[in-house]
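# Commentary on secondary and tertiary structure
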Amino acid sequence: MVAATSVDESSLSYRGWRVVLACFLMAFFMFGFGLYGQGVYLAELQRAHGWPGTLVSTASTFSFLLTSVLVIFTDDLLARIGLRSLILCGLSALGASTVLLALMQTPWQLYLAYALMSVGWTGMGTVVIATLLNSWFDRRRGLALSLAFNGATCGGIILVPLLLSLTGSIGFRSAMLAATIVMVVLVLPVVVGFIGWPAGISRASDGRPSGAGTGAPAQSRKALLANAAFWTMVLPIAIALLAQMGFIIHQVTFLEPLIGRANAGLAVTIMAAMAVVGRLSLGLFVDRLDPRLACAASMTSQAAALFVLLQSTNPTVLLACCAVYGFSIGNMITFPPLIIQRELGSAAFAAAMGLGTSISGVVSAFGPGIVGLVRSFTGTYTTAFAMCVVLDLVAAGIVLWRPGKRADVTAS
């Protein structure tokens, strides 16, 4: 899948690192607005319009479900409209979504905004970034993925506190519009200037070498659905992400009554900062680690952090728990491409990423809605987050199951 294996991937002059920069910025705004920022929308839309939390959190679930359907067709879209056009469509849709969030007045506009956000995820999300970087890197693939996906956690570190700060000073509407303008100014030039396939990769082959057959993705998907190794990777990631998404979306709402808005924003920043540390640590030592074992350890650490979080109201303890939880947040989206590359191979990479992301996305999309519903029924977040603890432990057990040797899912 990597066209230029003779180049020095460690050299800063290698064009692949400019692609990493572009992917970093894409992830920064996509995850900043599309994931971490949703906690801000939940609080601010409730405050501005008096909408119940279940309405906004259900809209989040709708968005993640729609994303999970659209992402299945990422490799087909890459072949049909091209890499750069797909990313630009994603950027336009995300920008329209954030503008609509700033200007909306009725609930149907909320669902339209979240639908546009789903289109943004399809064009600028995990599958596109992982497939693109997998085509540019071989020996430094783990580091490239870690650096690019650090944009996601930096979105939590910088964008969310910035939105909270700007909302307090100039209002939610102006804050969202200003952040949208900054996104377009920063992302558009690097996408136009840096994004593209390496030499030897066909634009019509969704990141596969130009000699690869055009029928490979569909046949690979069918084989993947019958592959036990694929399912023991996808299901635990999906379960862990369900718990993770539920906590992230409700984090600000949970912490604000306990420690105030400023400290709630600080908690998001600390969590995201630790995610950067965790992902960089994985990137530096990825070739020495068993990704399944590391994944199970990450899930267990999240369960422990949530358990302690529920036992205390001390601000220092709560911030520390968010730090521990954050250490493994970023790696939940880094582990799948690493496991896929090692166990399923490059030929099935794009299909496996699209299908796996779709399945885990469908499951995890229910996280915000389930946590919100449980919180509404019980009146507190205790039962909802305790459920997340159990889910993390179950996921850690499943991912350690190794059902046989490496499977060959490459199409005939």
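Looking at an unreviewed UniProt entry, one finds the chain named Putative MFS family arabinose efflux permease, with Bradyrhizobium huanghuaihaiense as its source organism.

## Notes on the overall build of the chain
Secondary structure summary: the chain contains 17 helices and zero strands in total. Expressed as a percentage of its 412 residues, the buried residues of the chain come to 58%. Long-range contacts, defined as pairs at least 24 residues apart, comprise 83% of the intrachain contacts of the chain with a sequence gap of at least 6. On the chain, roughly 15,200 Å² of surface is accessible, and the fraction owed to carbon and sulfur atoms is 68%.

## Side note on the packing of aromatic side chains
Taken as a whole, this structure holds 14 aromatic pairs when the rule is applied. Arranged with centres 5.9 Å apart and planes meeting at 65°, the rings of tyrosine 14 and tryptophan 136 form a pair that is edge-to-face. Placement of the pair is tyrosine 14 in the segment before α1 (16-36) and tryptophan 136 in helix α7 (residues 126-136), with a sequence separation of 122 residues. Of the two residues, tyrosine 14 and tryptophan 136, both sit in the buried class. Relative to phenylalanine 33, the ring of phenylalanine 29 lies with its centre 6.2 Å away and its plane at 25°, an arrangement referred to as stacked. Of this pair, phenylalanine 29 and phenylalanine 33 both sit in helix α1, four residues apart, roughly one helical turn. Taken individually, phenylalanine 29 and phenylalanine 33 each receive the classification buried, so the pair is uniform in this respect. An aromatic cluster is defined as three or more aromatic residues linked by ring pairs; in this entry it consists of Phe247, Phe254, Tyr325, Tyr381 and Phe385.

## So, the nonpolar core
Counting residues in each nonpolar core, the largest one holds 133 residues, and the members touching the most others are Phe33, Tyr41, Leu101 and Leu110. The element best represented in this core is helix α11 (residues 228-285), accounting for 23 residues. Summarising the domain contributions, this core has at least three residues from each of domain 1 (14-196) and domain 2 (220-404). Those residues within four positions of tyrosine 41 in sequence are excluded, and the remaining contacts are Phe33, Gln46, Val56, Leu101, Tyr114, Met117, Phe172 and Met176.

## With respect to helix α13 (residues 315-327)
Its 13 residues place the ends of α13 19 Å apart at the C-alpha level, agreeing with the 18 Å of an ideal helix rising 1.5 Å per residue. Taken together, the buried positions of α13 are occupied by Leu318, Leu319, Cys321, Cys322, Ala323, Tyr325 and Gly326. Lining the buried residues of α13 we find α11 and α12 (291-309). The N-terminus of α13 is capped by asparagine 314, whose side-chain oxygen sits 2.9 Å from the backbone nitrogen of threonine 316.

## Examining the environment of glutamine 244
Here glutamine 244 is to be found in helix α11. The buried category is assigned to glutamine 244, whose relative accessible area is 3%. When neighbours within four sequence positions are excluded, glutamine 244 is seen to be in contact with Gln302, Tyr325, Ile329 and Met332. A distance of 2.8 Å separates the side chain of glutamine 244 from the side chain of glutamine 302, its partner in a polar contact.

Basis of the calculations
Residues numbered from 1 in each chain as written. Predicted model: local features only at pLDDT ≥ 70, side-chain atom pairs only at ≥ 80, totals over all residues. Heavy atoms only, no water. Helix = DSSP H or I, 4+ residues; strand = E, 2+ residues; numbered from the N terminus. Buried < 20%, exposed > 50% of the residue type's maximum accessible area, 1.4 Å probe, protein only. Contact = heavy atoms within 4.5 Å. Areas by Shrake-Rupley, 256 points an atom, 1.4 Å probe, with all protein chains shown as cover. Phe/Tyr/Trp six-rings, centres within 6.5 Å; stacked < 30°, edge-to-face > 60°. Core = buried A, V, L, I, M, F, W, Y, C linked by side-chain atoms within 4.5 Å. Domains from an automatic or database assignment. Expected span 1.5 Å × (residues − 1). Polar contact = N/O pair within 3.5 Å; in protein donor to acceptor, adjacent residues only side chain to side chain.

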